[in-house]
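Summary of the model geometry
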There are 2 protein chains.
Amino acid sequence: MASSMMETCKSEDMHVDIEKNQRSQWVLNAPEPPSLCRVVADSVRKTISQCRQNISSLRDQTCTTLLLSLLKLVFPILAWGSNYTATKFRKDLLAGLTIASLCIPQSIGYATLAHLDPQYGLYTSVVPPLIYAVMGTSREIAIGPVAVVSLLLSSMIQKLIDPAADPVGYTKLVLLVTLFAGIFQASFGLFRLGFLVDFLSHAAIVGFVGGAAIVIGLQQLKGLLGITHFTTKTDIISVLKAAWDQVHNPWNPRNFILGFSFLIFILTTRFVGKKKKKLFWLASISPLVSVILSTVIVFLTRADKSGVKIVKHVKGGLNPSSIHQLDFNNPYIGEVVKIGLVVAVVALTESIAVGRSFASIKGYQLDGNKEMMSIGFTNIIGSFTSCYVATGSFSRTAVNYAAGCETLVSNIVMGVTVLISLQFLTKLLYYTPTAILASVIISALPGLIDITEAYKIWKVDKLDFLACIGAFFGVLFASVEIGLLVAVVISFSKIILISIRPGTETLGQLPGTDLFCDVYQYPMAVKIPGVMIIRVKSALLCFANANFVRERIIKWVTEESKDDKGNSKGTIQLVILDTSNLVNVDTSGIAALEELHKTLSSHGKQLAIANPRWQVIHKLKVSKFVDKIDGRVFLTVEEAVGCKSEC
Amino acid sequence: MASSMMETCKSEDMHVDIEKNQRSQWVLNAPEPPSLCRVVADSVRKTISQCRQNISSLRDQTCTTLLLSLLKLVFPILAWGSNYTATKFRKDLLAGLTIASLCIPQSIGYATLAHLDPQYGLYTSVVPPLIYAVMGTSREIAIGPVAVVSLLLSSMIQKLIDPAADPVGYTKLVLLVTLFAGIFQASFGLFRLGFLVDFLSHAAIVGFVGGAAIVIGLQQLKGLLGITHFTTKTDIISVLKAAWDQVHNPWNPRNFILGFSFLIFILTTRFVGKKKKKLFWLASISPLVSVILSTVIVFLTRADKSGVKIVKHVKGGLNPSSIHQLDFNNPYIGEVVKIGLVVAVVALTESIAVGRSFASIKGYQLDGNKEMMSIGFTNIIGSFTSCYVATGSFSRTAVNYAAGCETLVSNIVMGVTVLISLQFLTKLLYYTPTAILASVIISALPGLIDITEAYKIWKVDKLDFLACIGAFFGVLFASVEIGLLVAVVISFSKIILISIRPGTETLGQLPGTDLFCDVYQYPMAVKIPGVMIIRVKSALLCFANANFVRERIIKWVTEESKDDKGNSKGTIQLVILDTSNLVNVDTSGIAALEELHKTLSSHGKQLAIANPRWQVIHKLKVSKFVDKIDGRVFLTVEEAVGCKSEC
């Protein structure tokens, strides 16, 4: 019986051997991976067949339903509007009125930040929300002017035309930038270039927005201190210097006292609103209350005569057409297109980030490309109706959500409310002190500086934090564009750096398993004597890292063969390259492998490849590398280790 | 007995379960990976301790041996020189004379290509080989002027100063570029920036050199046709147009007949040399023979009086000092530094590529950083002694190897031979026809156009071929610099593209194993019902690809849950993300994973992570993601699949 057991064992052994051989054949005889042309062709074919399917599914319908389907695709409101109920409307009405009360003072403030007349901010809170409401796919986003984009516009466009010297020319440029930003945004959506928005990493956005918030706050010193002549630069040093110079001059503290006391009032209501969730509306309407109260105070005391700066005339009435103001023969047209591109990306980043986060709370999916098209069209039409760049606002969207909005109807309510204000109430804004607008803007900033998130980034990823802090200081000490540039450059350097200087790790066997893992990650892993198992921490073995990897492996193998005193231990007979995470190699990578094989051979060592992926094994076969290493290609590291005995 | 077996099975099952649990703990309780600061500090400490070790090993020695060790490090010739034998010298002498005979006509030709006087080519074949011989680590490289660098210099510098109008100023600029190129090369070596050379991928070099060879050949039309006024542009269209214009003018065919017949002679000897390996020296000396023969013919027939262009006066004598010609107050200094950088990289690329390939044939390792320093010092000292940029030549190194060189002494022999020629034989070059020099250069070009390699690249990697062909057409139709730029941009776009648009694959179980592999690579792999196993083909889950990956996975899961008619199959309960090839994630990646988890949860599906690597599991723990997915982190996919029953 014992002998029969042994025989069974033997036959099992043989069986295992055959199986292992067969598995090696699985690796070597894998079907050819799709070629590049094939992949491209397939992708085109898929898109076409999808279009065809869509068309054929439409063909069965009558002309009316066809039109309706198309309309529903472009204007999602037609789809969800049919299920709209009175209950939903009650909620949306409340939310819309709440965001309108926050929006009016903010819009005027942001327009000032963008060096535009106050009414442009209000215009931008009328048309864009209405357009977005019929085209957008988010349910919570509140559209309108936002702080970061306003700052970006003013800081980039005032380099071309000084808004103080030529306000009309400046406004024309802003409208033109808005048009181009809209065109870029719509094309991103149309050509499915949504990934461009991803180029600003989460960490970079946190740093950039934080820096921008401080810069915006500093810009408000002008309004808060009632300064007439202020620096046009945005970096912290220029601004603080300009403010310091003003403090030395005789100045009127009334502006500051008025602004500062209402700032404290707004911040207190915000604090109360946060503590008691039911009182959140208090925080939302406090800016409007402040504006009304301060206007009444100034009107009653005629404080404007004793130095308190006021908004004065705000042009009322509906959005005028601005098509005739879009001048394409502008001498700065090249610059305008460039600014349009930067603004388009930044605006989309804010809107999509905020839309996505609320969509994931409510558990639905936001279509990035559709969103880009909606925001793009919103801005294109906005540029025809005296609006500057609008996008989804962080602060107002949060208020909209907290106020219980159900659909984009809240945007319609807000737009109509602002429209009514524009028509009938602008005259009442005459005596509104500018210091209050500064307070309203400053009060919105703390939400943009996310220190908790920055700390989390620091804890999780130091290089990410570098991008974050780079963007922050870039915005703060240089300019908004440089901050953006720094962020993008640091983010991409990281990708390139990891590609050109990948780490390498030695693997050992986990006890009781046939798994091979990094010996540092798993200290219990045991190295196999005489065998060196190496894995490269990169998805690509390519021109940029192949020689580095080759030299590193040879150095390791040489070091491993010697003991501490430099005497040869001479034990390593087999070097196994675990290629399980290599997605692809290029010709330089294969050349490096060939040189590695030659060098190892000349030292009497053998090279084996374990677990090559599809593209890798295909290229190793085509370039005859598999033949050169006598077919030592295995499905797993364990099987490769098994070949040591044959060596 | 049966019951006892069952019990054994049970206890084994339990044992396995415990082990699996333990393994999960291995994953979760891995030691913390070294932080970024730690890695940087370790690398610095290692370098310092290495320096210290070197110093302490030197400290034990006497002052003389210390100095000797240092000298040996800087001048390897002192190390290998002590083993030098007469047998070796006989071989080196023969090889040195062979490459000298090839070098003299080539040097004069390349100097003409660089728009310099012929003697500068000879100067560059004297000092650089001597310096490199005492400092270099290769044994085969033949140093001197090369075609591609000569073309690069002339095409970039003539944009600053026209060599026809101001030859002295032009030569000064060339010497200054040589100095800066040398400084850059030496610093690359000193600061271990060898990877900069890798930025030109193998494929790009093949395309670039091929294109440059054709451009160089076209430039020789001037000499071959005996044209006096030729275009200064290098692109194929301008050159062909200029040549065509000349053909229409009355022209003297004698130049062409002379040049073309000797070109055929050289190519024939080359062909014979390739067929019969023993006659290879015939190919090597045929250029010199051609020069001598044609010079004699012109001298005897006085053909120069009937329109055959001749070299005329070549300044003889030793290399003059050129230190006083290095003018740092040059108005073009910024441009010169830039050209120096480009030339430095291209020259190093050629030299290291050729050195490496012969080192790997002879089975020794070339120290890239040491090589860069040697070439750098060679060029720095060259710029003081009227030499322009020298580097390892493809063609002469191959001849040196074929002639049986043993050490760099062959370079010394060559240098001394050229020195003697300069001193005594330059007057004999007076009647050498320029058409012959053109023939010599043209005859060296076919070796630079490597169609076999280009075809191999095409077969192995289509994107690599794109870089190759981009560089080729860039050089051919635009300019040398644009060709280089195209090559680098295409090569890096590939890395970025793979990072921002990684593929994803579904895994299935290989029959008879517990391995999970790509179902397309291994058609025999079987998908597990109710489970979707996904792997991302990227080493990084980062800002640039996280949203793309998240959307792709959700789309797949949704599609997989529906049958062809769009009805819900609703079977997928568990989505396993195999992160075995993810080297790192950043905060955007973690945010995407969190959103993925939320979305899957809201559809009643669970997310599990299999085989996370060191950095990944660390970050998932720090960001509390592991807690969010209830600790569903496993060592292998198989164990993750096992958790389905618990779901």
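Everything numeric here is computed off the predicted structure, so don't read it as measured data.

The rules we used
Residues numbered from 1 in each chain as written. Chains lettered and ligands numbered in written order. Predicted model: local features only at pLDDT ≥ 70, side-chain atom pairs only at ≥ 80, totals over all residues. Helix = DSSP H or I, 4+ residues; strand = E, 2+ residues; numbered from the N terminus. Rg over C-alpha atoms; globule rule 2.2 N^0.38 Å. Buried ≥ 20, exposed ≤ 12 C-beta atoms within 10 Å, placed from the backbone. Contact = placed C-beta atoms within 7 Å. Nonpolar A, V, L, I, M, F, W, Y, C, P; charged D, E, K, R; others polar. Least-squares fit on C-alpha atoms with pLDDT ≥ 70 in both. Pairing = 2+ DSSP bridges. Expected span 1.5 Å × (residues − 1). Axes fitted to C-alpha atoms, helices over the stretch in contact; angles between N-to-C directions. Parallel < 35°, antiparallel > 145°, perpendicular 65-115°, else oblique. Left-handed = near helix turned anticlockwise from the far one by under 90°. pLDDT = per-residue confidence, 0-100.

Once that is clear, we can look at the overall build of chain A. The helix and strand tally for chain A stands at 28 helices and 10 strands. For a compact globule of 647 residues, the expected C-alpha radius of gyration is about 26 Å, and chain A comes in at 33 Å, more than 25% above that figure. Across the 647 residues that make up chain A, the buried fraction comes to 50%. Expressed as a percentage of contacts within chain A between residues at least 6 apart in sequence, the contacts between residues at least 24 apart total 81%.

On to the interface of chain A and chain B. At the interface, 63 residues of chain A touch 64 residues of chain B. For the side of chain A that touches chain B, the leading source of residues is helix α25 (residues 587–602) of chain A, giving eight residues. In the side of chain A that touches chain B, the residues fall into 31 nonpolar, 20 polar and 12 charged.

Residue and element names in this part refer to chain A. Structurally, the position occupied by D586 is in the loop between β8 (584–585) and α25. Using a count of 28 C-beta atoms within 10 Å as the deciding quantity, one classes D586 as buried. With 202 residues separating them along the chain, D586 and F384 place their C-alpha atoms 51 Å apart.

This next bit is on the relation of the copies chain A and chain B. Of the transformation superimposing chain A on chain B, the axial component is 0.0 Å and the angular component is 180°, with the fit at an RMSD of 0.1 Å. Given the turn and translation reported, the copies of this chain are related as if by a two-fold rotation axis. Residue by residue, 98% of the interface of chain A is reproduced at the interface of chain B, so both copies engage with the same surface.

This brings us to the sheet that holds strand β9 (residues 606–610) of chain A. All names here are of chain A. Read across the open sheet, the six strands follow the order β4-β3-β5-β7-β9-β10; overall the sheet is mixed. The open sheet has two edge strands with one neighbour each: β4 (516–518) and β10 (633–634). With two bridges connecting them, β9 and β10 associate as parallel partners. Pairing of I609 across the sheet is with V633, part of β10.

All names here are of chain B. Taken across its seven residues, strand β5 (residues 531–537) has six buried, putting it largely inside the fold. Across four bridges, strand β3 (residues 503–509) lies against β5 in antiparallel orientation. Within β5, the residue paired with T504 across the bridge is V536. The sheet contact formed by β5 and strand β7 (residues 574–578) spans five bridges and is parallel. Paired with I533 across the strands is I576, a residue of β7.

Before going further, it helps to spend a moment on helix α3 (residues 63–74) of chain A. With 12 residues, α3(A) should reach 16 Å at 1.5 Å per residue; the first-to-last C-alpha distance of 17 Å fits that figure. Counting buried positions over the 12 residues of α3(A) gives zero, only a small fraction of the element.

Moving on, we get to unusual backbone geometry. Of note in this structure, K624(A) is not a glycine but carries a positive phi near 65°. With respect to the element layout, K624(A) can be found in the loop between α26 (614–622) and α27 (625–628). Of note in this structure, S386(B) is not a glycine but carries a positive phi near 60°. As for its position among the elements, S386(B) is in the loop between α17 (368–384) and β2 (391–392).

The buried count for helix α20 (residues 434–444) of chain A comes to 11 of 11 residues, which makes it a mostly enclosed element. Every buried residue of α20(A) is accounted for by T434(A), A435(A), I436(A), L437(A), A438(A), S439(A), V440(A), I441(A), I442(A), S443(A) and A444(A).

Residue and element names in this part refer to chain B. Across the interface, helix α16 (residues 333–362) lies against α17 with an axial gap of 11 Å and an inter-helix angle of 130°. Classed by the angle they form, the pair α16 and α17 counts as oblique. Along this stretch, α16 crosses α17, giving a crossing that reads as right-handed. Together, L348, S351, I352 and G355 of α16 and G368, E371, M372 and I375 of α17 make up the contact between the two elements.

Attention shifts here to the sheet that holds strand β4 (residues 516–518) of chain B. The strands that make up a sheet are held in pairs by hydrogen bonds between backbone atoms, and each pair lies either parallel or antiparallel. Residue and element names in this part refer to chain B. What the six strands build is an open sheet, ordered β4-β3-β5-β7-β9-β10; its pairing is mixed. Of all strands in the sheet, those with a lone pairing partner are β4 and β10 (633–634), marking the two edges. In this structure, β7 lies alongside strand β9 (residues 606–610), joined through five bridges in parallel fashion. Bridge assignment links V575 to a residue of β9, and that residue is L607.

Residues and elements named next belong to chain A. Sheet analysis places strand β3 (residues 504–509) next to strand β5 (residues 531–536), joined by three bridges and oriented antiparallel. Residue T506 lies in a different strand from β5, and its bridge partner there is I534. Count of turn residues in the β3/β4 antiparallel hairpin: six residues, of which G512 carries a positive phi of about 80°.

All right, on to the environment of K459(A) then. All names here are of chain A. Mapped onto the elements of the fold, K459 is located in helix α21 (residues 451–460). Classification of K459 as partly exposed rests on a count of 13 C-beta atoms within 10 Å. Once the C-alpha coordinates of K459 and G317 are considered, the two residues, 142 residues apart in sequence, prove to be 52 Å apart.

Residues and elements named next belong to chain A. Relative to each other, helix α8 (residues 147–157) and helix α16 (residues 333–362) sit at 170°, their axes nearing to 10 Å. Judged by the angle between their axes, α8 and α16 are roughly antiparallel. Of α16, the residues touching α8 (which contributes V148, V149, L152, L153, M156 and I157) are I339, V343, V346, A347 and E350.

It is worth spelling out the confidence of the model for chain A at this point. Residue and element names in this part refer to chain A. Across chain A, the average pLDDT comes to 85, with 93% of residues at or above 70. Note on residues 5–10: pLDDT is under 50 here. Beyond four places in sequence and across chains, it has zero contacts. Confidence metrics for the complex model read pTM 0.78 and ipTM 0.80.

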